[in-house]
Amino acid sequence: QVQLVESGGGLVQAGGSLRLSCAVSGRTFSIVAMGWFRQAPGKEREFVAAISWSGGSTYYADSVKGRFTMTRDNAKNTVSLQMNSLKPEDTAVYYCALAPWGANWPPRRDDYQYWGQGTQVTVSS
């Protein structure tokens, strides 16, 4: 089994920064890619960023490109999302997700088989 645990959410003013982390345990040898998604109240869960586990290639939603940076640490089995220049519209619960063996690059939404419990990010105006 695989477990994902997010941390680092909180409250920040617009223009500020936060760093989210996701710790992965279990069958880490099968990871193809990791992703971050977010879900605001009353909205669908949306893709934010993804990173290839082996090569480190990244892929971002247009709404966060240039402001968010996703990284991975293969030795520690963690991924991070550095979020800068935060806007009130970035307010959401952020979820870490894992796409295991057989996934495409960049992964399709249904390639992500494992999800964390989510961490709240609130950006005040």
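Here's what I pulled together on the structure shown here. (Residues numbered from 1 in each chain as written. Predicted model: local features only at pLDDT ≥ 70, side-chain atom pairs only at ≥ 80, totals over all residues. Heavy atoms only, no water.)

1. A short note on the sheet that holds strand β7 (residues 68-73)
At step 1: The 4 strands lie next to each other as β1-β3-β8-β7, forming an open sheet whose pairing is antiparallel. Only two strands of the sheet have a single partner each, and these edge strands are β1 (2-7) and β7. Neighbouring strand axes in the sheet, compared pairwise and without regard to direction, differ in orientation by 15° on average.
At step 2: Taken together, the 6 bridges between β7 and strand β8 (residues 78-83) define a ladder with antiparallel strand orientation. When the sheet's bridge partners are listed, M70 is paired in β8 with L81. (Pairing = 2+ DSSP bridges. Helix = DSSP H or I, 4+ residues; strand = E, 2+ residues; numbered from the N terminus. Axes fitted to C-alpha atoms, helices over the stretch in contact; angles between N-to-C directions.)

2. Some points on unusual backbone geometry
At step 1: Residue W105 is joined to P106 through a cis peptide bond whose omega torsion reads -10°.
At step 2: With respect to the helices and strands, P106 occurs in the loop between β9 (92-100) and β10 (114-115).
At step 3: Positive phi, normally seen in glycine, also occurs at N77, with a value near 55°.
At step 4: Located in the positive-phi region is S85, a residue other than glycine, with phi close to 50°.
At step 5: Within the element layout of this structure, S85 appears in the loop between β8 and β9.
At step 6: Note on S85: relative accessible area 41%, which makes it partly exposed. (Buried < 20%, exposed > 50% of the residue type's maximum accessible area, 1.4 Å probe, protein only.)

3. Considering the pattern of salt bridges
Any two side chains of opposite charge can pair, so long as their charged atoms come close to each other.
At step 1: A complete count under the given rule lists 6 salt bridges for this structure.
At step 2: In this structure, the salt-bridge partner of E46 is R38, at a minimum N-O distance of 2.6 Å.
At step 3: Judged by its relative accessible area of 6%, R38 falls in the buried class.
At step 4: D62 is the partner of K65 in a salt bridge, and the nearest nitrogen-oxygen pair spans 3.0 Å.
At step 5: Take D62: its relative accessible area is 66%, and that puts it in the exposed class.
At step 6: The network of salt bridges with common partners includes R38, E46, R67 and D90. (Salt bridge = Lys/Arg side-chain N within 4 Å of Asp/Glu carboxyl O.)

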